[in-house]
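Geometric and topological summary
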Amino acid sequence: MGKAIVNGVGSYVPSTVITNNDLEKLMDTSHEWISTRTGIHERRVIGSTENTSDLAYKASLLALEDSGLTPEDIDLIVVATETPDHMFPPVATRLQTLLGCRTIGAYDVHSTCVGFISALQIAELYINTDKVNHVLVVGADALSKIVDYTERSTAILFADGAGAFVVSNIMDSKSEGIIDSTIHSDGQYYKDLYVIGDPNGSDNSKPKIKMNGNKIFKLAVNSMSTSVKGLLKKNKLHYDEIDWLIPHQANQRIIDAIARNLEFPSKKVISNIKYYGNNSAATIPLAFAVARREGKIKKGDRIVLTAFGGGLIWGSLIFQY
Ligand code: UT7
């Protein structure tokens, strides 16, 4: 049985910044409201010449460089995204060609903001069963393509970005690697967070995010808290044995509520929503990459990732870096 080690990390955000003050000019909102109700001060969005695969490519190059591997070493690519360049083919196949990988397996997973955890779980299972040695796992989203900038309850939250991990089978690593993971779903909340519209339609019918914000907020706090508790219990791990919690970056108040529910010290919770907003499948690898760059996360740290998103889908994963 293989051992799935996070062997390289990279992230990328587009250069265009939209501040809360910029949004004040587009809709009836204020920096005061957005910052106190969500923790977000600014977010990044793609330019007219960029697409999700460009974000994924830039993050992947950095992750590969960090791992010391070349594109030819990669055996499988899994991209988590809700905003592929086209409805099909997958972003992963474009990435395979852009990077110059062999004709390896490459596909996308479509599990909303939990996508990166789902994709990491796939890497975990492929490696544990000795099917492959090196998996490139990417979370990349350009939600600005499906945000309705006349709708103040969603436009303030969503953003663009990408993060990537190279996960390798390294049997003699001192790290425990990916320890365990769990994913759940409950389709009764299908219409509380979804995208309506037609990708080929007129401006009025273009895809747009619709969300029942209040309801999703409560479901988010409960589902992520329960999932982390369950996974730690199953693996007989105590909170003291966890160095960092990285929750999906959806709202600072959601992040704070999970930490309170779990009685987990806030100084051990990673948050960068202030600068990047909610870029769906990218929030977790982006938060990890930034925290590592800032010198917070170090090799050997034990980390819990947790996310939830439209579906409703939620899940968690524990690994030692
Ligand atoms: O990846 C997962 C995706 N989604 C989420 O995680 C979102 C979860 N939900 C949330 O983050 C929050 O529910 C929101 C940020 C969307 C909304 O915050 P809230 O504290 O739940 O506000 P609310 O919906 O209860 O609205 C309170 C008031 C309302 O006005 P009235 O009816 O009290 O007069 C809203 O119309 O705030 C108003 N409001 C705003 N005011 C200024 C809603 N959005 C805005 C806004 N600026 N952008």
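Going by the structure above, here's the rest.
The notes below deal with the structure included here.

Cut-offs used in this document
- Residues numbered from 1 in each chain as written.
- Predicted model: local features only at pLDDT ≥ 70, side-chain atom pairs only at ≥ 80, totals over all residues.
- Heavy atoms only, no water.
- Pairing = 2+ DSSP bridges.
- Helix = DSSP H or I, 4+ residues; strand = E, 2+ residues; numbered from the N terminus.
- Axes fitted to C-alpha atoms, helices over the stretch in contact; angles between N-to-C directions.
- Contact = heavy atoms within 4.5 Å.
- Salt bridge = Lys/Arg side-chain N within 4 Å of Asp/Glu carboxyl O.
- Buried < 20%, exposed > 50% of the residue type's maximum accessible area, 1.4 Å probe, protein only.
- Near = heavy atom within 4 Å.
- Polar contact = N/O pair within 3.5 Å; in protein donor to acceptor, adjacent residues only side chain to side chain.
- Nonpolar A, V, L, I, M, F, W, Y, C, P; charged D, E, K, R; others polar.
- Domains from an automatic or database assignment.

1. Focus on the sheet that holds strand 7 (residues 160-169)
Strands sit in the order 1-7-6-4-5 across an open sheet of 5 strands; the sheet is mixed. Of all the strands in the sheet, just strand 1 (4-12) and strand 5 (105-109) have a single pairing partner and so form its edges. Averaged over all pairs of adjacent strands, the angle between their axes in this sheet comes to 15°, without regard to strand direction. The sheet contacts of helix 10 (residues 283-293) involve strand 1 and strand 7, and relative to strand 1 the element is tilted by about 90°.

2. Topic: the sheet that holds strand 12 (residues 302-309)
Backbone-to-backbone hydrogen bonds join strands into a sheet, with any given pair of strands oriented parallel or antiparallel. The mixed open sheet is built from 4 strands, whose spatial order is 8-13-12-11. Each edge of the open sheet is held by one strand with a lone partner, namely strand 8 (177-185) and strand 11 (244-247). Between one strand and the next, the sheet's axes are offset by a mean angle of 10°, whatever the strand orientation. Two strands pair when backbone bridges link them, and strand 8 and strand 13 (residues 313-320) are joined in this way by 8 bridges, in the antiparallel orientation. Residue pairing for strand 13: Thr182 is matched across the bridge by Ser316.

3. A closer look at the pattern of salt bridges
Evaluation of the coordinates by the stated rule reveals 10 salt bridges. When the shortest N-O distance is used, the salt bridge between Arg152 and Asp28 registers 3.6 Å. Here Arg152, found in helix 6 (residues 152-155), pairs with Asp28, found in the loop between helix 1 (20-24) and helix 2 (31-38); they are 124 residues apart in sequence, far enough to count as distant. Relative accessible area serves as the criterion here: at 48%, Arg152 is assigned to the partly exposed category.

4. Details of the site of the ligand
In the neighbourhood of the ligand, 23 residues make up the surrounding shell, with Thr29, Arg152, Asn214, Asn251 and Asn278 lying closest. Thr29 places a polar side-chain atom, nitrogen or oxygen, 2.7 Å from a nitrogen atom of the ligand. Here an oxygen atom of the ligand sits 2.8 Å away from a polar atom, N or O, in the side chain of Asn278. Contributing elements (two or more residues each) for the shell around the ligand: helix 2, helix 6, helix 7 (213-234) and helix 8 (252-262). Ranked by the residues each element gives to the shell around the ligand, the list is headed by helix 7, at 4 residues. Residue composition of the shell around the ligand, grouped by class: 11 nonpolar, 8 polar and 4 charged. The two domains that each donate at least three residues to the shell around the ligand are domain 1 (4-169) and domain 2 (177-320).

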